[in-house]
Structure formats: C-alpha cells, structure tokens
Amino acid sequence: MTAANNEIELFVQEMLRTRFDVPEAKLTEQATLKSLGLDSLGGVELSLTIKKRYGVQFIAGEIGVEFTVTDVADLTRQKLGELEAAAS
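The structure contained in this document is the topic of the report that follows.

### Some words on the environment of Gly55
Turning to step 1, where the next piece is worked out: Relative to the helices and strands, Gly55 resides in the loop between helix H2 (40–54) and helix H3 (69–87).
Turning to step 2, where the next piece is worked out: Taking the C-alpha atoms as reference, Gly55 lies 9.7 Å from Thr76; in sequence the two are 21 residues apart.
Turning to step 3, where the next piece is worked out: Apart from residues no more than four positions distant in its own chain, Gly55 is found in contact with Ile50 and Leu83.

### Comments concerning the packing of helix H1 (residues 7–19) against H3
Turning to step 1, where the next piece is worked out: Look at H1 against H3: their axes get within 9 Å of each other, and the N-to-C directions meet at 125°. Taken together, the axes of H1 and H3 are oblique relative to one another. For the crossing formed where H1 meets H3, the hand is right-handed. Residues Ile8, Glu9, Val12, Gln13 and Leu16 of H1 form the contact with H3, whose participating residues are Val69, Thr70, Val72, Ala73, Thr76, Arg77 and Leu80.
Turning to step 2, where the next piece is worked out: Per-class residue counts for the contact of H1 with H3 are 7 nonpolar, 3 polar and 2 charged.

The rules behind these values
Residues numbered from 1 in each chain as written. Predicted model: local features only at pLDDT ≥ 70, side-chain atom pairs only at ≥ 80, totals over all residues. Heavy atoms only, no water. Helix = DSSP H or I, 4+ residues; strand = E, 2+ residues; numbered from the N terminus. Contact = heavy atoms within 4.5 Å. Axes fitted to C-alpha atoms, helices over the stretch in contact; angles between N-to-C directions. Parallel < 35°, antiparallel > 145°, perpendicular 65-115°, else oblique. Left-handed = near helix turned anticlockwise from the far one by under 90°. Nonpolar A, V, L, I, M, F, W, Y, C, P; charged D, E, K, R; others polar.

The quantities given are spatial measurements derived from coordinates; they are silent on function.
What follows is the structure, given as structure tokens:
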C-alpha cells in the first residue's frame, strides 16, 4: 500500500484535530506533538491509529513527543516501504 506524499500528513493532522482537539491554527510545520498538547501516551494512541489505517507497526515510544507531523509521516512512509520490501 503506497500512500501519496501528503496523504499521511493530512491523515495525521486530521487525527490531531479530531481525536486530540488540536486547533487547526496550531498545526504548523514546526509544531511538535508536545507543543500540541500530546504526551507519550498520546504518541502511543496516535501510533495505534496510524497502524489501523496503514498497517504499520511501531515500537512503544517510537513516535516521540518532539516529532512534528512531518516526522510522524516520514516514519510511517519508512515503515510502509519496509512492509512493501518484505512483501516482495
């Protein structure tokens, strides 16, 4: 399953808005999960949501609170690439 470049970012932003009540105006490129009000448990919840959508596995704590939306999306794309390579 290949995700378009911005698809994952948009999904993560939507989850932050809807599940974590992050206002749209706070979702800047530089905003970290911590600055958006997430703690380590929020990172775990976000990783589980991404797993449900894209089928990728994260190690506990792999999505850190200092990650930006782009960091989360990049890690997800990396894991998707690993899944695709393993399936080949």
